Amino acid sequence: MKIDPSAQSPVRLGILLSGRGSNFLAVAESIRAGRLTGVEIAIVISNVAEAPGIAAAAELGLRNAVLVSKGRKRAEHDADVTALLEAHGVDLVCLAGYMRLLSPEFVGAFPHRILNIHPSLLPAFPGLDAQQQAFDYGVKVTGCTVHFVDDELDHGAIVLQRSIAVLDDDDTHTLAARILAEEHVAYTEAIARVVSGEYEVRGRRYVKTGSKGAREQGSE
Ligand code: GRF
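Residues numbered from 1 in each chain as written. Predicted model: local features only at pLDDT ≥ 70, side-chain atom pairs only at ≥ 80, totals over all residues. Heavy atoms only, no water.

1. Some details on the overall build of the chain
Looking only at helices and strands, the chain has 7 helices and 9 strands in total. Since a compact globule built from 220 residues should have a radius of gyration of about 17 Å, the 17 Å found for the chain is in line with a globular shape. Its C-alpha atoms give the chain principal-axis dimensions of about 50 × 45 × 35 Å. Within the chain, contacts between residues at least 6 apart in sequence are counted, and of these 62% link residues at least 24 apart. (Helix = DSSP H or I, 4+ residues; strand = E, 2+ residues; numbered from the N terminus. Rg over C-alpha atoms; globule rule 2.2 N^0.38 Å. Contact = heavy atoms within 4.5 Å.)

Below you can see the structure in the form of structure tokens.
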């Protein structure tokens, strides 16, 4: 179900992360700087207690929680995360380096309301170490993808992609750094697109529409 762009109150984001949290911080900075409007971060949740991203959330004064996933059954952990997101009125879940597959129940609780960012041009190089995979394959162009999350890994409808050239003197670190810079732009832009409500998802395709047209067609 899409976000209603005519709603008066800000769209509430729930950020899930496991590590560094630079994408989360880029989104938070976009909101602070007024580049991303009509949204607020309702809660930041980490499944890893030591994640620097959750410490950063606390420093920014954002509501935050750690729900440790290690050693727990996926369905049970996801039920707790879902309940916490719902308790905080989250409209849109943003995975930002969340190193967990989501259960079908989790995905079903937020239909077309979970975004993920991945450091390759999907469907190329899904899964872990995407930048290394791209480098080793020898592609000349790579980038990042923001997509809706479905039941398959790095698979749902693509909201946007940003590309960069792979340079002859790149190594995996320089390549990953340039991709990350694009990620930080892409996530804000993708959230803005989704929050606008001015799109339809036709099969696998995210297609931009006028908000009026989308409402008249009553589409997802
Ligand atoms: C990013 O490269 C993102 O694309 C991937 O995990 C990494 C997270 O980095 N899903 P950060 O924690 O946002 O800095």
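2. Focus on the site of the ligand
Near the ligand the following residues occur: Arg20, Gly21, Ser22, Asn23, Gly97, Ile117, His118, Pro119 and Glu183. In this structure, Ser22 approaches the ligand through a side-chain N or O atom, which is 2.5 Å from an oxygen atom. The separation between an oxygen atom of the ligand and a polar main-chain atom of Asn23 is 2.9 Å. Protein coverage of the free-state accessible area of the ligand, which is 370 Å², stands at 86%. Taking a 2 Å distance to the grid points as the criterion, the majority of the atoms of the ligand fall inside the largest pocket. (Near = heavy atom within 4 Å. Polar contact = N/O pair within 3.5 Å; in protein donor to acceptor, adjacent residues only side chain to side chain. Areas by Shrake-Rupley, 256 points an atom, 1.4 Å probe, with all protein chains shown as cover. 1 Å grid on protein atoms, 1.4 Å probe; cavity = no way out; pocket = protein on both sides within 12 Å on 5 of 7 lines; lining within 4 Å. Sits in = over half its atoms within 2 Å of the grid points.)

3. Examining the layout of surface pockets
Here the largest pocket defines a volume of roughly 930 Å³. Looking at the lining of the largest pocket, the elements with two or more residues in it are helix H1 (22-32), strand E5 (114-118), helix H5 (130-137) and helix H6 (172-196). With 4 residues, the single largest contributor to the lining of the largest pocket is H6. Looking at the lining of the largest pocket residue by residue, the classes come out as 15 nonpolar, 11 polar and 8 charged. Counted as a void, the second largest pocket has a volume near 150 Å³. Top contributing element to the lining of the second largest pocket by residue count: H1, with 5 residues. When its residues are assigned to classes, the lining of the second largest pocket shows 6 nonpolar, no polar and 2 charged. (Points joined across faces, edges and corners; volume = space filled by probe spheres on them. Nonpolar A, V, L, I, M, F, W, Y, C, P; charged D, E, K, R; others polar.)

4. A look at the side chain of Asn23
Locating Asn23 in the fold gives a position in helix H1. Judged by relative accessible area, which is 8%, Asn23 ranks as buried. Here Asn23 is in contact with Ala96, Ile117, Leu180, Glu183, His184 and Tyr187, once residues within four sequence places are set aside. (Buried < 20%, exposed > 50% of the residue type's maximum accessible area, 1.4 Å probe, protein only.)

5. Looking at H5
Of the positions making up H5, those classed as buried are Ala130, Gln131 and Ala134. Buried residues along H5 cover an arc of 105° about the axis, so they all sit on one side. As for H5, its buried residues are in contact with E5, strand E6 (141-148) and H6. (Arc of directions from axis to C-beta.)

6. What about the pairing of strand E9 (residues 205-208)?
Relative to E9, strand E8 (residues 199-202) runs antiparallel, the two being bridged by 4 bridges. For Glu200, the partnering residue across the bridge sits in E9 and is Val207. Here E8 folds back onto E9 in antiparallel fashion, the turn holding 2 residues, of which Gly203 has a positive phi close to 65°. (Pairing = 2+ DSSP bridges.)

7. Some points on unusual backbone geometry
A cis amide bond links Leu122 to the next residue, Pro123, at an omega of 15°. With respect to the element layout, Pro123 can be found in the loop between E5 and H5. One non-glycine residue, Phe125, lies in the positive phi region at around 55°. Turning to its location among the elements, Phe125 is positioned in the loop between E5 and H5. Overall, Phe125 belongs to the buried group, its relative accessible area being 14%.

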